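Here is how the chains run, residue by residue.
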Amino acid sequence: RYVPRRNDAVNQTWMCDVGRMSYKEIGAAERLTEVSLRRESGALEPVTLQEGIRVAAERLRRVADAAKGAGVIVGFASAHATNEDLFTFKKLLSGLGTEAAAVPVVTGEADDILVKAEKAANASGARALGFDEPSRVLERVRGGGADAVIVLGHDLLDEAFLGDPAVLGKLDTVILLDSHHSDLESVAHVVFPTRHAAEKTGTLTNHAGRVERIEQAVEPRFERYAEGAVLFRLGAALGISGFEGAYDPRAVSREIAASVPAFAGIDLDSLGGEGAEIKGASDEAEG
């Protein structure tokens, strides 16, 4: 949510006031703390991670088996998730037979120094990994061309995108991965609590197209998971190739470096303190 800038003279990193105060989100009372499953009564009830994965996989498999065409399952990513989380999500969606993957990026006030219009830490990374802007996917959802959706985060609720979560309530299956409570829970069939960026290890791509390493700073007080860890388990439960073993952000980072042209040669362990620029970032900035 902030843009770091370095003063080379004193080797010091600056942060805008909004970013400096964002630590409060880590311990907020609104944090999701339990995997939840919607019962026949209509209520969300806590379940184990294993049960949540099992039910989510069953619902997605049923929808995929009865598919009426490409894109029957769609995905909305979070521009706050790491590159490793997002790559895993794109890989899962491809394994389910859909390329309908978008990322909503909330915008707001900006200045010419630190505050950027895009209020997300990894919008550039999401786009470089192949996530589109949401309008076409939302049009498909509203028009009845989708039966299931996997949503990361709750930026989709912004008035510029979905607005009313009831639009998703018409779908057969809604799977939500989020760090905080939101109105999306009212239409979700399975909810997974996820980690804040300070609780994860991975990489983010800033507004200038530089990939930067983040290291876990705090341990969650409750059982929460990186989005990639949940999605990896889901891919394994669905029997999708490439989801064997356990989720390892460093291994995923190496896979990104080897398979995504924009990230060629850039992985978590090779990054220095100044990060590395993705391919084409300078051209986009000039354009």
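A brief structural summary. (Residues numbered from 1 in each chain as written. Predicted model: local features only at pLDDT ≥ 70, side-chain atom pairs only at ≥ 80, totals over all residues. Heavy atoms only, no water.)

### Structural notes on the sheet that holds strand β10 (residues 202–205)
Let me state the cut-off plainly: A strand pair is defined by DSSP finding two or more bridges across the two strands. Only DSSP runs of H or I with at least four residues qualify as helices, and only runs of E with at least two residues qualify as strands; both kinds are numbered from the N terminus onward. Should any heavy atoms of two residues lie within 4.5 Å, those residues are considered in contact. Lines fitted to C-alpha atoms define the axes, with helix axes restricted to the stretch in contact, and inter-axis angles between N-to-C directions lie between 0 and 180 degrees.
Strand order in the open sheet formed by 3 strands is β10-β11-β12, with antiparallel pairing between adjacent strands. The open sheet is flanked by β10 and β12 (276–277), the only strands paired with a single partner. Sheet analysis places β10 next to strand β11 (residues 210–214), joined by 4 bridges and oriented antiparallel. Its bridge partner lying in β11, Gly 202 is registered against Ile 214. Lying on the sheet, helix α3 (residues 83–95) is in contact with β10 and β11; it crosses β10 at an angle near 90°.

### Here we look at the sheet that holds strand β4 (residues 44–46)
Taken together, the 7 strands give an open sheet; going across it, the order is β4-β3-β9-β8-β7-β5-β6, and neighbouring strands pair in mixed fashion. The sheet terminates laterally at β4 and β6 (101–102), the two strands that pair on one side only. Pairing of strand β5 (residues 73–76) with strand β7 (residues 148–152) involves 4 bridges; the strand directions are parallel. Its bridge partner lying in β7, Phe 76 is registered against Val 151.

### Let's talk about the side chain of Thr 98
Put simply, the test is: Counting of polar contacts relies on pairs of N or O atoms within 3.5 Å, with two restrictions inside protein: one atom must be capable of donating a hydrogen and the other of accepting it, and residues adjacent in sequence are counted only when both atoms are side-chain atoms.
Assignment of secondary structure puts Thr 98 in the loop between α3 and β6. Within the structure, Thr 98 has its side chain in polar contact with the backbone oxygen of Ile 73 (distance 2.9 Å). A polar contact is formed between the side chain of Thr 98 and the backbone nitrogen of Ala 100, at a distance of 3.0 Å.

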